[in-house]
Amino acid sequence: MKNMKDRDERTTNEIKTHMSKAKSAEQTGSVFTLDEYCCFICNSYFKKKIYQSDLPVIEDIIKFQQRSGAYINASILEKVLQATKNLTKNLDGLHLENEMYQPLPDDLKNKLRSLNYKVKPNKDSRVHELEGDYFDDFYAKYSRDLDTNWIRNVQRFNELRLKKPSRILDIGCGFGLFSKIATFNGHTVECIDMKDASPILKEATKILKVKKHEFTVKKNTPLLKFKKKFDVVHASQIFFNGHASKNLWDLDDWKYFLLDLHDNILNDDGFVCLLFNREHINLKPIIVDGEELFLGNKPVQDFFKPFFSTIHGLARLENKMLSILTKKNINDACRSTIFKKRSYSLDI
Ligand SMILES: C[S@@+](CC[C@H](N)C(=O)[O-])C[C@H]1O[C@@H](n2cnc3c(N)ncnc32)[C@H](O)[C@@H]1O
């Protein structure tokens, strides 16, 4: 923000003020405020003219937009910097061609935030048999803390590292935030969630116009048949494996599910991204012989072990929640003994 001499002093000060609001929004995780200011600055100033001295502001906005999941906006600005060699050439008449939009517009954000007091809970709202009001309407927490949930879903989308527009199937889509982020960034998403999902989830997916199929994933039962296959199957904070119940999936149940994805759902270069829940019965981690079994039991934990992927910001011992398997991995792991023979000793 030091060198903004190409703009007049008043405009420079205006932009500085907006940027300091964006910065404090970034620091407090107020992701929608962050987006609002980024789009507002781009539309109000850069759509008219971009000056050489705007470089530090544009660089910060690119970082902010990546943090809030507006990758497509960030890439528009990155292209401007590339075409002008960081605003050192081709500056004549330089401006943004199109208006920039927030991934989650304010009207939708406000509707989602009001769901926690507008939607009447019913028996499906209580997803755990645990004492306490908190569990009467378990998913209302998504509405009360929309910012955190948005950021989590941005991180999940980021884990996929998609290089081209992809067809994604999101299983157990919840509010549909992941779908909204991926769609905003140019991907095609279809979702699955249960017919008797919590009413707040149903309302949220309507607000976000998520393309959702009502279907309950069950043991040893194939998924829906789709007209076209998918490049990615994504599921985060997985419940469909009976995670907090006495009916937790065992290894054969997972193999059935994965082979169905392999045979019927995935494109040849497709992959599966599974983010498991760490807590199980009574929403507590399962610990056996001092080892925390993130997947609930040892054979399932060992099966997925070769495919654990790092979630940045988590300690190594905690990085046993995200598994990414290509279609070939699924075939090898389920139809051969390759992965059974592998040794996992940390000494090696
Ligand atoms: C913890 S929420 C996760 C939501 C979302 N994926 C996220 O990470 O924000 C679990 C979701 O899975 C859905 N679900 C639970 N059991 C399911 C099943 N057997 N088949 C399909 N969806 C299921 C729930 O309705 C809910 O939307």
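Basis of the calculations
- Here, residues in each chain are numbered from 1, in the same order as that chain's written sequence.
- It should be noted that, the model being predicted, local features are given only for residues of pLDDT at least 70 and side-chain atom pairs only at 80 or more, the latter also being counted only at that level, while totals for whole chains, interfaces and linings use all residues.
- Strands here mean DSSP runs of E at least two residues long; helices mean DSSP runs of H or I at least four residues long; both are numbered from the N terminus.
- What a helix should span is 1.5 Å times the count of its residues minus one.
- Throughout, a pair of residues is in contact if the C-beta atoms placed from their backbones lie within 7 Å.
- Two strands form a pair only when DSSP identifies at least two bridges running between them.
- Axis definition: a line fitted to C-alpha atoms, over the contacting stretch in the case of helices. Angles run 0 to 180 degrees between N-to-C directions.
- Whether a residue is near a molecule or strand depends on its C-beta atom, placed from the backbone, lying within 6 Å of it.
- Note on residue categories: nonpolar means Ala, Val, Leu, Ile, Met, Phe, Trp, Tyr, Cys or Pro, charged means Asp, Glu, Lys or Arg, and polar means any other residue, Gly included.
- Domain borders in the structure are assigned automatically or taken from a domain database.
- Residue burial is a threshold on neighbouring C-beta atoms within 10 Å of the residue's own C-beta, all placed from the backbone, with 20 or more meaning buried, 12 or fewer meaning exposed, and counts in between meaning partly exposed.
- As used throughout, a nonpolar core is a set of buried Ala, Val, Leu, Ile, Met, Phe, Trp, Tyr and Cys residues joined through C-beta atoms within 7 Å of each other.
- A crossover gets the label right-handed when its path from the first strand over the helix to the second runs clockwise, viewed with the strands pointing away from the viewer.
- Reported orientations rely on four angle classes, namely roughly parallel under 35 degrees, roughly antiparallel over 145, roughly perpendicular from 65 to 115, and oblique for the rest.
- Each helix crossing is assigned a hand: it is left-handed if the near helix lies turned anticlockwise from the far helix by less than a right angle, otherwise right-handed if that turn is clockwise.
- Within a predicted model, pLDDT stands for the predictor's per-residue confidence, ranging from 0 to 100.

1. Comments concerning helix α5 (residues 106-118)
End to end, α5 covers 18 Å across 13 residues, agreeing with the expected 18 Å (1.5 Å per residue, within 8%). Along its buried surface, α5 packs onto α2 (31-46), α6 (140-144), α7 (146-159) and α9 (199-207).

2. Observations concerning the sheet that holds strand β5 (residues 266-275)
With respect to topology, six strands assemble into an open sheet ordered β3-β2-β1-β4-β5-β8, the strand pairing being mixed. Only two strands of the sheet have a single neighbouring strand rather than two, namely β3 (212-214) and β8 (322-326). The mean inter-strand angle of the sheet, taken between neighbouring strand axes irrespective of direction, is 15°. As paired strands, strand β4 (residues 230-236) and β5 are joined by six bridges and run parallel to one another. When the sheet's bridge partners are listed, Ser 236 is paired in β5 with Leu 275.

3. What about the site of the ligand?
Around the ligand, a shell composed of 14 residues is seen, among which Gly 172, Gly 174, Val 217, Phe 239 and Phe 240 lie nearest. When grouped by side-chain class, the residues that make up the shell around the ligand number eight nonpolar, five polar and one charged.

4. Remarks on the domain arrangement of the protein chain
Quite often, the size of an interface is put as the accessible area lost when its parts meet. Entries for the protein chain in the domain assignment read domain 1 (9-83) and domain 2 (106-340). In this complex, domain 1 contributes eight residues to the contact, which on the side of domain 2 involves eleven residues. For the side of domain 1 that touches domain 2, the secondary structure elements donating two or more residues are α2 and α4 (71-83).

5. A closer look at unusual backbone geometry
A positive phi angle, near 50°, is found at Asn 220, a position not held by glycine. For Asn 220, the position within the fold is in the loop between β3 and β4. The phi dihedral of Asn 282 is positive, around 60°, even though this residue is not glycine. Within the secondary structure layout, Asn 282 lies in the loop between β5 and β6 (286-288). A tally of 9 C-beta atoms within 10 Å means that Asn 282 is categorised as exposed.

6. Concerning the nonpolar core
Membership of the largest hydrophobic core comes to 77 residues, with the highest contact counts inside it found for Cys 38, Ile 61, Val 233, Leu 261 and Val 272. In terms of residue count, the dominant contributor to this core is α2 (nine residues). Structurally, this core is a two-domain feature, drawing no fewer than three residues from each of domain 1 (9-83) and domain 2 (106-340).

7. As for the pairing of strand β2 (residues 188-193)
Inspection of the sheet shows strand β1 (residues 167-171) paired to β2 by five bridges, in the parallel sense. By the bridge assignment for β2, Ile 168 is matched with Val 189. The handedness of the β1 to β2 crossover, carried by helix α8 (residues 177-184), is right-handed. As paired strands, β2 and β3 are joined by three bridges and run parallel to one another. Paired with Ile 192 across the two strands is His 213, which belongs to β3.

8. Let's talk about the environment of Lys 63
Structurally, Lys 63 can be placed in helix α3 (residues 55-67). With 11 C-beta atoms packed within 10 Å, Lys 63 lands in the exposed category. Separated by eleven residues in the primary sequence, Lys 63 and Ala 74 place their C-alpha atoms 7.5 Å from one another.

9. Notes on the packing of α2 against α3
Where α2 meets α3, the closest approach of the two axes is 10 Å, and the angle between their N-to-C directions is 140°. The orientation of α2 with respect to α3, classified from their angle, is oblique. Once α2 is placed against α3, the crossing between them reads as left-handed. Taken together, the residues of α3 that come into contact with α2 (itself represented by Leu 34, Cys 38, Ile 41 and Cys 42) are Ile 61, Phe 64 and Gln 65. Taken together, the residues of the contact of α2 with α3 break down into six nonpolar, one polar and no charged.

10. Some points on the confidence of the model for the protein chain
Per-residue pLDDT for the protein chain averages 92, and the proportion of residues at 70 or more is 93%. Here residues 343-348 is modelled with pLDDT under 50, and outside its nearest four sequence neighbours on either side it reaches two contacts, counting other chains as well.

11. A closer look at α3
In this model, α3 (13 residues) spans 19 Å end to end at C-alpha, consistent with the 18 Å of a helix rising 1.5 Å per residue. Looking at α3, one finds that the buried residues are Val 57, Ile 61, Ile 62, Phe 64 and Gln 65. Against the buried residues of α3 lie α1 (9-27), α2 and α4.

12. Notes on the packing of helix α10 (residues 251-265) against helix α12 (residues 327-335)
Where α10 meets α12, the closest approach of the two axes is 9 Å, and the angle between their N-to-C directions is 140°. The angle between α10 and α12 falls in the class oblique. Regarding α10 and α12, the two cross each other, and that crossing is left-handed. Across the interface between the two elements, Lys 255, Leu 258, Leu 259, Leu 261 and His 262 from α10 touch Lys 327, Ile 330, Asn 331 and Cys 334 from α12.

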